[in-house]
Amino acid sequence: MTDYVPPKVWTWDTENGGTFASINRPIAGATHDQQLPVGEHPLQVYSLATPNGQKVTILLEELLALGHSGAEYDAWLIKIGDGDQFGSGFVGVNPNSKIPALLDRSGATPIRVFESGAILQYLAEKFGAFFPTEPAARAECLSWLFWQMGSAPYLGGGFGHFYAYAPSKMEYAINRFAMETKRQLDVLDQRLAVSEYIAGDEYTIADIAIWPWYGGLVKGRLYGAAEFLAVHEYTHVLRWADAIEARPAVQRGRRVNRVSGEPAEQLAERHSASDLD
């Protein structure tokens, strides 16, 4: 515990420390002029292979595996540590300055789509795949898709930040968010005890949204926290995570815009299917 007392009016301390201190700020908008590159394919993705970024490239690779040639895409690297997300071109596609962002140039007027959940739903509807049409199944899929949108900030910005990135370890914060993360894992584990996939018997965008975060967590890829969180307890989540990871399109998609880890798993930019071969 500390003796910190919040001031009456908060002011921005640019020296607040932490791994991402240099890119965190309390204002929006562009900080510099930087136009985005545009490739030859209908879909332009601007991203980084974080869990949120992986969602979109995994779905695109899954669509291509189904034979949807219109899902061909260029994936451009956005180096968030360098502040690329604050360039004027990126802000024009995503005013929230977060990856991933999508520009669909297949029609007469380009369409921008930002926020990973919105991109997944947009692409699934555009190509009629991985998104149920029957009303009850569709509602279940959307419910779990938005569960991920609401839950993952507690995992990433909460637990991940205080456990792995904060400048000092805070017992209260780590305990608070570890408890919530384990509760979320239990929600998934109980669901997957009675369902092959998250939304039912079929693989959907709900799985694609949830897997990079919670599959990555139980597979030991996030925050070095697998032992700390005793992820071996969540046997149904582990079964599901392994099944998703075995999909060739998932293996391809998670490599796109990756610039860390094993060199064989990295691909800074993707402009052709052959780039992944």
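All of these numbers come straight from a predicted model, not from anything done at the bench. (Residues numbered from 1 in each chain as written. Predicted model: local features only at pLDDT ≥ 70, side-chain atom pairs only at ≥ 80, totals over all residues. Heavy atoms only, no water.)

(A) How the structure looks around the overall build of the chain. Of the regular secondary structure elements, the chain holds eight helices and four strands. What you see for the chain is a C-alpha radius of gyration of 19 Å, in line with the 19 Å of a compact globule of 277 residues. Across its three principal axes, the chain shows a C-alpha extent of roughly 60 × 50 × 40 Å. Every one of the 277 residues in the chain was classed for burial, and the buried ones make up 47%. Looking at the chain alone, contacts between residues at least 24 apart form 66% of all its contacts between residues at least 6 apart. When the accessible surface of the chain is summed, it comes to about 13700 Å², and 54% of that surface belongs to carbon and sulfur atoms. (Helix = DSSP H or I, 4+ residues; strand = E, 2+ residues; numbered from the N terminus. Rg over C-alpha atoms; globule rule 2.2 N^0.38 Å. Buried < 20%, exposed > 50% of the residue type's maximum accessible area, 1.4 Å probe, protein only. Contact = heavy atoms within 4.5 Å. Areas by Shrake-Rupley, 256 points an atom, 1.4 Å probe, with all protein chains shown as cover.)

(B) Examining the pairing of strand 1 (residues 43-47) more closely. Within strand 1, five of the five residues are buried, which leaves it mostly tucked inside the rest of the structure. Two elements, strand 1 and strand 2 (residues 73-77), share five bridges in a ladder whose sense is parallel. Looking at the pairing, S47 lines up with L77 of strand 2. For the crossover from strand 1 across helix 1 (residues 51-65) to strand 2, the handedness is right-handed. As paired strands, strand 1 and strand 3 (residues 101-104) are joined by four bridges and run antiparallel to one another. Across the sheet, residue L43 finds its bridge partner in strand 3, namely D104. (Pairing = 2+ DSSP bridges. Right-handed = clockwise from strand over helix to strand, strands pointing away.)

(C) Seen up close, the packing of aromatic side chains. The full count for this structure, using the stated rule, is eleven aromatic pairs. Taking 5.3 Å as the distance between ring centres and 45 degrees as the angle between the ring planes, the aromatic pair formed by W147 and Y214 counts as tilted. Here W147, found in helix 4 (residues 135-165), pairs with Y214, found in helix 6 (residues 205-218); they are 67 residues apart in sequence, far enough to count as distant. A relative accessible area of 16% means that W147 is categorised as buried. Summarising the aromatic geometry, the rings of Y154 and F177 are spaced 6.4 Å apart at their centres and angled 40 degrees between planes, so their arrangement reads as tilted. Of this pair, Y154 sits in helix 4 while F177 sits in helix 5 (residues 171-192), and the two are 23 residues apart along the sequence. Taken together, the ring pairs connect F159, Y163, Y165, Y223 and F228 into an aromatic cluster. (Phe/Tyr/Trp six-rings, centres within 6.5 Å; stacked < 30°, edge-to-face > 60°.)

(D) Here's a closer look at the pattern of salt bridges. Throughout the structure, instances matching the rule amount to 13 salt bridges. One salt bridge in this structure joins K182 and E233, with 3.2 Å as the shortest N-O distance. Taken together, the residues span a long stretch of sequence, with K182 in helix 5 and E233 in the loop between helix 6 and helix 7 (235-245) at a distance of 51 residues. With a relative accessible area of 45%, E233 lands in the partly exposed category. As a salt-bridge pair, R254 and E265 come within 3.4 Å of each other at their nearest N and O atoms. Placement of the pair is R254 in the segment after helix 8 (248-253) and E265 in the segment after helix 8, with a sequence separation of eleven residues. Residue class for E265 comes out partly exposed when judged on its relative accessible area of 32%. Linked through salt bridges whose partners overlap, the residues forming this network are E61, E72, R252, R270 and D277. (Salt bridge = Lys/Arg side-chain N within 4 Å of Asp/Glu carboxyl O.)

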